[in-house]
Amino acid sequence: MRRWLNLFIWDMRFQARYGFYLLYAFLTIFYTAVLFALPISWRGKTASMLIFSDPAAMGLFFMGAIVLLEKSQRVTAFFAITPLKAFEYVLSKVLSLNAIALVVAGVLAFVSGSRHVILVLVGTFLSGAIFTLFGVLVATKITSLNQFILFTVPVEAAGFLPAILHLFGITPDYLKYYPANACMDLVSGRGVTFIGLLFTFALIIFLFYFACHEVLRMWQEQGGAKI
């Protein structure tokens, strides 16, 4: 537990050093200004789209840069020869990035006048976990930031487009079980079906397992030895 906590604190310091907190402080102010400029009737759906497509998805946007920086600083090679477990590394990434996402989502939900802030935060956490885990999976495979951006385009299309269409009631009713759509239901303060929630948790478990597997493989390649 202490080893993981030290890693979690290191991740948060890493994010602070490279301007993550400053960036999202600015974006929170900007998004708040946008919401205040809109009619009250528009704020709910606009806040949901902003939360789902940015703070909740920040792990997908930034994981490539994070892992590439770690590789350039030989941090991943160091991890390969420590007792650190891959699941501790992945869990730290998910929770440290979600910590930022939850603060931003809470502010935007409050500004939009949402009466279901807890649901918004739960939806943000679940969607943040999914996007971050996808980000980890892609980041372990790339050697440049351009590669990462290219490889995440299909993930963005599969995550953002159906969820935004679902928010406006354009998708068929059965797609409410799709994990991205189930998360959007929560982010928008609506209830989510048990089946939708079940599929969402199943996807997170599946992604977490394979993210740990790929992180371990990356460490082995960086460390030059099987562990």
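Here the structure is a predicted model, which is why all the values come from computation and not from measurement.

**Q** What's the story with a nonpolar patch on the surface in this structure? I'm lost.
**A** A surface patch of nonpolar side chains, amounting to about 390 Å² of accessible area, comprises Leu161, Leu165, Phe168 and Ile170. Topologically, Phe168 is positioned in the loop between α8 (145-167) and α9 (179-187). Overall, the relative accessible area of 44% leaves Phe168 in the partly exposed class.

**Q** Would you explain the packing of helix α1 (residues 2-17) against helix α6 (residues 86-112) in this entry?
**A** Packed helices, taken two at a time, are described by the angle between their axes plus the distance between the axes. For the pair α1 and α6, interaxial distance at closest approach is 9 Å and the crossing angle is 45 degrees. On the basis of their axis angle, the class for α1 and α6 is oblique. α6 is crossed by α1, and the crossing has right-handed handedness. Across the interface between the two elements, Arg3, Trp4, Leu7, Phe8, Asp11, Met12 and Gln15 of α1 pack against Glu88, Tyr89, Leu91, Ser92, Lys93, Leu95, Ser96, Leu97 and Ile100 of α6. Its residues placed into classes, the contact of α1 with α6 shows 9 nonpolar, 3 polar and 4 charged.

**Q** Explain the side chain of His166 here, please?
**A** Here His166 shows up in helix α8. By relative accessible area, His166 is classed as buried at 11%. Reaching out from His166, the side chain makes a polar contact with the side chain of Thr171 at a distance of 3.3 Å. Among all residues touching His166, those that are not within four sequence positions of it are Thr171, Lys176, Asn181, Asp185 and Arg190.

**Q** Would you explain the nonpolar core in this entry?
**A** Ranked by internal contacts, the top residues of the largest apolar core, which has 62 residues, are Phe52, Met63, Tyr89, Val90 and Trp219. Broken down by element, this core gets its largest block of residues, 12 residues, from α6.

**Q** Explain the pattern of salt bridges here, please?
**A** When their charged atoms lie close together, side chains carrying opposite charge are able to pair. Under the criterion given, the structure shown has 7 salt bridges. Taking the shortest distance from any N to any O, the salt bridge between Arg3 and Glu88 comes out at 3.0 Å. With a gap of 85 residues between them, Arg3 in helix α1 and Glu88 in helix α6 connect regions that are remote in the sequence. Take Glu88: its relative accessible area is 6%, and that puts it in the buried class. Across the pair Lys93 and Asp11 runs a salt bridge, and its minimum N-O distance is 2.9 Å. Taken as a pair, Lys93 in helix α6 and Asp11 in helix α1 lie far apart in primary sequence, 82 residues in all. We note that Lys93, like Asp11, is buried. What emerges from the salt-bridge pattern is a single network uniting Asp11, Glu70 and Lys93.

**Q** So what exactly am I meant to see when it comes to the packing of aromatic side chains here?
**A** Given two aromatic rings, their pairing is described by the distance between the two centres and the angle made by the two planes. The full count for this structure, using the stated rule, is 13 aromatic pairs. Judged by centre distance (5.1 Å) and plane angle (50 degrees), the ring pair of Phe20 and Phe62 falls under tilted. In this pair, Phe20 sits in helix α2 (residues 20-37) while Phe62 sits in helix α4 (residues 58-72), placing the two residues 42 residues apart along the sequence. Between the aromatic rings of Phe52 and Phe131, the centroid separation amounts to 5.6 Å while the plane-to-plane angle is 75 degrees, which identifies the pairing as edge-to-face. Here Phe52, found in helix α3 (residues 40-53), pairs with Phe131, found in helix α7 (residues 117-139); they are 79 residues apart in sequence, far enough to count as distant. We note that Phe52, like Phe131, is buried. An aromatic cluster is defined as three or more aromatic residues linked by ring pairs; in this entry it consists of Phe52, Phe61, Phe131 and Phe160.

Rules used in this analysis
Residues numbered from 1 in each chain as written. Predicted model: local features only at pLDDT ≥ 70, side-chain atom pairs only at ≥ 80, totals over all residues. Heavy atoms only, no water. Patch = residues over 30% accessible without salt bridge, like charges linked within 9 Å, V, L, I, M, F, W, Y side chains within 5 Å. Areas by Shrake-Rupley, 256 points an atom, 1.4 Å probe, with all protein chains shown as cover. Salt bridge = Lys/Arg side-chain N within 4 Å of Asp/Glu carboxyl O. Helix = DSSP H or I, 4+ residues; strand = E, 2+ residues; numbered from the N terminus. Buried < 20%, exposed > 50% of the residue type's maximum accessible area, 1.4 Å probe, protein only. Axes fitted to C-alpha atoms, helices over the stretch in contact; angles between N-to-C directions. Parallel < 35°, antiparallel > 145°, perpendicular 65-115°, else oblique. Left-handed = near helix turned anticlockwise from the far one by under 90°. Contact = heavy atoms within 4.5 Å. Nonpolar A, V, L, I, M, F, W, Y, C, P; charged D, E, K, R; others polar. Polar contact = N/O pair within 3.5 Å; in protein donor to acceptor, adjacent residues only side chain to side chain. Core = buried A, V, L, I, M, F, W, Y, C linked by side-chain atoms within 4.5 Å. Phe/Tyr/Trp six-rings, centres within 6.5 Å; stacked < 30°, edge-to-face > 60°.

This is a description of form; function is not addressed.
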